[in-house]
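Descriptive structure summary
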Amino acid sequence: MDNIYMKKAIELAKKGIGYVNPNPLVGAVIVKDNRIIGEGYHKIYGDYHAEINALTSATENVRGSTMYVNLEPCSHYGKTPPCVNTIIKSGIKKVVIGMKDPNPLVSGKGINVLKNNEIEVTTGIMEEECKKLNEIFLKYITTKTPFCILKSAMTLDGKIATYTGDSKWITNSISRNYVHELRHKVSGIMVGIETILKDNPFLNTRLNNKQGTDPVRIVIDTKGRIPLDSNVLNIKSSAKTIIATTTLIPKDKLKLLENIGCEVIIAPLKNNRVDLNYLMKALGDKKIDSVLLEGGGELNFSALEENIVDKVNMFIAPKIIGGSSSKTPVGGFGVNLIKDSFNLYNTKVHTFESDVMIEGYLKKEG
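This structure is a prediction, so every number in the text was calculated from the model and none was measured. (Residues numbered from 1 in each chain as written. Predicted model: local features only at pLDDT ≥ 70, side-chain atom pairs only at ≥ 80, totals over all residues. Heavy atoms only, no water.)

**Quick word on the sheet that holds strand β3 (residues 66-71)**
Within the open sheet, the five strands sit side by side as β2-β1-β3-β4-β5. Their pairing is mixed. Every other strand in the sheet has two partners, leaving β2 (35-41) and β5 (120-123) as the edge strands with one partner each. Pairwise comparison of adjacent strand axes, ignoring direction, gives a mean angle of 20° for this sheet. On top of the sheet, helix α2 (residues 50-57) reaches β1 (27-32), β2 and β3; it is set at about 135° to β2, its chief contact. (Pairing = 2+ DSSP bridges. Helix = DSSP H or I, 4+ residues; strand = E, 2+ residues; numbered from the N terminus. Axes fitted to C-alpha atoms, helices over the stretch in contact; angles between N-to-C directions. Contact = heavy atoms within 4.5 Å.)

What follows is the structure, encoded as structure tokens:
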């Protein structure tokens with residue numbers, strides 16, 4: 001039965017996707033006499049946590065009941081008071097936890113507080129599923145840098161556009177809607193200046209079945225070439241636009257960008273480009289916990305080379321366009337030997353009607 005109720009907690013937690021960053025996704029279920037009498041999830045950043053919402057929703061007295069929660073309850077003061085205190089006062093007799101909180105402020109402390117107050121605690125229920133759910137939080141809370149997803153779409157012969165540059169559309173509408181789900185999920189979306197100059201995208205979230213949240217738009221622009229009439233600088237959105245540039249940007253252009261409300265990050269030069277590791281640290285400092293990289297081949301290779309990519313979502317459409325000069329998803333110099341390739345692990349294959357998406361994680365040193 002533990003797995004059944006934990007699965008319910010995980011499903012509840014997913015309702016917070018796109019609304020709680022940089023907080024974790026958490027759901028809670030209260031069970032008494034094999035009946036669910038309360039449930040809740042963390043709905044929005046800064047608001048009540050899942051455990052509190054579950055207790056508030058309870059249809060009867062929770063004393064003597066069991067709470068299922070996918071992440072260890074907090075024991076510290078943040079935006080809200082510690083959840084463990086309220087759980088103890090409620091009379092809950094047992095707490096079943098999916099995974100320990102990796103946050104150094106919590107990690108095991110919440111569990112200890114519960115045990116010290118004679119509450120039975122069980123941990124590790126559906127732990128892998130719980131870790132997968134909060135992979136963004138796990139990376140961000142332990143490194144203070146964003147979880148980076150490299151997304152690209154290509155034809156069966158590995159092209160992202162024809163030799164003329166036409167790329168609308170490689171994938172089908174179902175695949176594209178999934179990409180907008182990804183945009184809704186993350187805090188930021190990153191592209192290079194060439195994408196802005198060529199496609200002039202909006203980089204917002206457009207979902208078929210619900211109102212999505214826009215990610216912060218991040219443009220890698222080493223020399224400050226972005227036109228002031230670009231869509232990313234003029235879109236009506238609650239999310240801001242960040243220009244990541246270097247000292248090569250003209251001072252007058254820098255001032256113009258700031259005057260129109262654009263945030264500018266001046267990063268060091270590395271190989272005559274924006275230092276991506278510096279940028280990721282700067283974004284993390286701004287509580288941007290995740291980035292969807294939708295760059296072209298040059299930026300994609302730089303991101304892989306600089307080891308900032310955590311996950312890859314590669315869409316493949318059953319089309320062949322050919323062309324020796326047609327662009328590929330990853331450009332740059334490339335690697336010298338096959339043994340130096342960027343390898344994925346824990347790969348999964350998803351289908352979107354005729355399209356296929358390969359999802360995997362980058363192996364990293366250590």
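**Description of the packing of aromatic side chains**
To describe a pair of aromatic rings, you give the distance between the ring centres and the angle between the ring planes. All chains considered together, the criterion is met by six aromatic pairs. Taking the centre distance of 5.1 Å and the plane angle of 45° together, the rings of Tyr 5 and Tyr 68 count as tilted. In this pair, Tyr 5 sits in helix α1 (residues 2-13) while Tyr 68 sits in strand β3, placing the two residues 63 residues apart along the sequence. Like Tyr 68, Tyr 5 is buried. (Phe/Tyr/Trp six-rings, centres within 6.5 Å; stacked < 30°, edge-to-face > 60°. Buried < 20%, exposed > 50% of the residue type's maximum accessible area, 1.4 Å probe, protein only.)

**Brief notes about the UniProt feature "active site" (unreviewed entry) in the protein chain**
Under the local residue numbering, the UniProt record ascribes the feature "active site" (unreviewed entry) to Glu 51. The topology assignment puts Glu 51 in helix α2. (UniProt positions renumbered as here; feature names shortened; annotations may be inferred.)

**What about the packing of helix α3 (residues 83-90) against helix α4 (residues 109-116)?**
Two numbers describe how α3 lies on α4: the axes approach to 10 Å, and their chain directions differ by 20°. When the axes of α3 and α4 are compared, the pair comes out roughly parallel. Crossing hand, α3 versus α4: right-handed. Facing α3, whose interface residues are Val 84, Ile 87 and Ile 88, α4 presents Gly 110, Val 113 and Leu 114. (Parallel < 35°, antiparallel > 145°, perpendicular 65-115°, else oblique. Left-handed = near helix turned anticlockwise from the far one by under 90°.)

**Brief notes about the nonpolar core**
Met 6, Ile 30, Tyr 68, Ile 87, Ile 92, Val 95 and Leu 114 are the most contacted members of the largest nonpolar core, which totals 40 residues. If one sorts the elements of this core by residue count, α1 sits on top with six residues. Setting aside residues up to four positions removed in sequence, Tyr 68 forms contacts with Asp 2, Tyr 5, Met 6, Ala 9, Gly 27, Ala 28, Val 29, Val 31 and Val 96. (Core = buried A, V, L, I, M, F, W, Y, C linked by side-chain atoms within 4.5 Å.)

**Quick word on the environment of Leu 233**
The residue Leu 233 is located in helix α9 (residues 231-234) in this model. Through-space distance from the C-alpha of Leu 233 to that of Arg 217 is 9.2 Å; in sequence the pair is 16 residues apart. Excluding residues within four positions of it along the chain, Leu 233 makes contact with Ile 226, Pro 227, Leu 228, Thr 241, Ile 243, Leu 257, Ile 260 and Cys 262.

**A word on helix α12 (residues 297-305)**
Of all nine residues that make up α12, seven are buried, and the element is covered over most of its length. Where α12 is concerned, the buried positions are Gly 297, Leu 299, Asn 300, Phe 301, Ser 302, Ala 303 and Leu 304.

**Concerning the sheet that holds strand β15 (residues 344-352)**
Sheets are built from strands paired through backbone hydrogen bonds, the pairs being either parallel or antiparallel. Overall, mixed pairing links the nine strands, which are arranged β10-β9-β8-β7-β13-β6-β14-β16-β15 in an open sheet. In this open sheet, the two strands that pair with only one neighbour each are β10 (263-266) and β15. With direction set aside, neighbouring strand axes in the sheet form an average angle of 20°.

**Here we look at the domain arrangement of the protein chain**
For the protein chain, the assigned domains are domain 1 (1-134) and domain 2 (144-362). With seven residues of domain 1 in contact, the opposing surface of domain 2 contributes 12 residues. For the pair domain 1 and domain 2, the summed buried area comes to about 750 Å², and 43% of that belongs to carbon and sulfur atoms. Inspection of the region where domain 1 meets domain 2 yields one salt bridge. Its salt-bridge partner being Lys 132, residue Glu 359 comes within 3.3 Å of it at the nearest N-O pair. Where domain 1 touches domain 2, the interface holds seven residue pairs in polar contact (both at pLDDT 80 or more). Residue composition of the side of domain 1 that touches domain 2, grouped by class: four nonpolar, two polar and one charged. (Domains from an automatic or database assignment. Buried area = accessible area lost by both parts, 1.4 Å probe. Salt bridge = Lys/Arg side-chain N within 4 Å of Asp/Glu carboxyl O. Polar contact = N/O pair within 3.5 Å; in protein donor to acceptor, adjacent residues only side chain to side chain. Nonpolar A, V, L, I, M, F, W, Y, C, P; charged D, E, K, R; others polar.)

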